[in-house]
Amino acid sequence: MLRVKYILLVKHFEGRASKDEEQEIELWRNENIINNLTYQRLKRVWEEDSKREIVSESQKEEKMWKNIFDKIISEEKPVQVGSK
């Protein structure tokens, strides 16, 4: 029975697998329905994690800019509208 190592699937999901490795994965997937369902499940988890990472990076950047703007605002000296 052809077994695919998880590290090979990681390379595949990252787009770094060679043609031979891609063929190995394809053979494994087509070997039986359990292998294909396992692949689909792992792919779905991989994609969900990737989306979370993008959101997380976006949130980090947003928080960074908010901190910068908050610091600028807090350091500004109030302008006095004065009377003579």
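Structure: above.
Moving on, we come to the overall build of the protein chain. Scanning the protein chain from N- to C-terminus turns up 3 helices and 0 strands. Ordered by position in the sequence, the α and β elements of the protein chain form the string α-α-α. Here the protein chain holds 84 residues, and the buried ones make up 14% of them. Accessible surface, the protein chain as shown: approximately 7700 Å² in total, 55% of it carbon and sulfur.

Since there are 3.6 residues in each turn of an α-helix, residues three or four apart along the chain are aligned in direction. Among all positions of helix 1 (residues 6-14), only Leu-8, Leu-9, His-12 and Phe-13 are buried. Seen end-on, helix 1 carries its buried residues on one side only, within an arc spanning 135°. Downstream of helix 1 by one or two residues, Gly-15 has phi in the positive range, about 80°.

What follows covers the nonpolar core. Membership of the largest hydrophobic core is limited to 6 residues, which are Leu-8, Leu-9, Phe-13, Ile-25, Trp-28 and Tyr-39. Listing elements by their share of this core, those giving two or more residues are helix 1 and helix 2 (19-31). Broken down by element, the residue count for this core peaks at 3 residues, all from helix 1. Excluding residues within four positions of it along the chain, Tyr-39 makes contact with Leu-9, His-12, Phe-13, Ile-25, Trp-28 and Arg-29.

Right, let's get into the packing of aromatic side chains. Tallied over the full model, the rule gives 2 aromatic pairs. Taken together, the aromatic side chains of Phe-13, Tyr-39 and Trp-46 make up a single cluster linked through ring pairs.

Let us now look at the pattern of salt bridges. Applying the stated criterion across every chain, the model contains 2 salt bridges. A salt bridge links Lys-11 to Glu-21; its shortest N-O distance comes to 2.8 Å. Remark: Glu-21 occurs in helix 2 and Lys-11 occurs in helix 1; sequence separation between them is 10 residues. In this structure, Arg-16 engages Glu-14 in a salt bridge whose closest nitrogen and oxygen atoms are separated by 2.6 Å. When its relative accessible area of 42% is taken as the criterion, Glu-14 is described as partly exposed.

Turning our attention to the packing of helix 1 against helix 2. The geometry of helix 1 relative to helix 2 is characterised by a closest axis approach of 10 Å and an angle of 115° between their N-to-C directions. Of the possible angle classes, the one that applies to helix 1 and helix 2 is roughly perpendicular. The chirality of how helix 1 crosses helix 2 is left-handed. For the pair helix 1 and helix 2, the contacting residues are Leu-8, Leu-9, Lys-11 and His-12 in the first and Glu-21, Glu-22, Glu-24, Ile-25 and Trp-28 in the second. A per-class count over the contact of helix 1 with helix 2 returns 4 nonpolar, 1 polar and 4 charged.

Calculation criteria
Residues numbered from 1 in each chain as written. Predicted model: local features only at pLDDT ≥ 70, side-chain atom pairs only at ≥ 80, totals over all residues. Heavy atoms only, no water. Helix = DSSP H or I, 4+ residues; strand = E, 2+ residues; numbered from the N terminus. Buried < 20%, exposed > 50% of the residue type's maximum accessible area, 1.4 Å probe, protein only. Areas by Shrake-Rupley, 256 points an atom, 1.4 Å probe, with all protein chains shown as cover. Arc of directions from axis to C-beta. Core = buried A, V, L, I, M, F, W, Y, C linked by side-chain atoms within 4.5 Å. Contact = heavy atoms within 4.5 Å. Phe/Tyr/Trp six-rings, centres within 6.5 Å; stacked < 30°, edge-to-face > 60°. Salt bridge = Lys/Arg side-chain N within 4 Å of Asp/Glu carboxyl O. Axes fitted to C-alpha atoms, helices over the stretch in contact; angles between N-to-C directions. Parallel < 35°, antiparallel > 145°, perpendicular 65-115°, else oblique. Left-handed = near helix turned anticlockwise from the far one by under 90°. Nonpolar A, V, L, I, M, F, W, Y, C, P; charged D, E, K, R; others polar.

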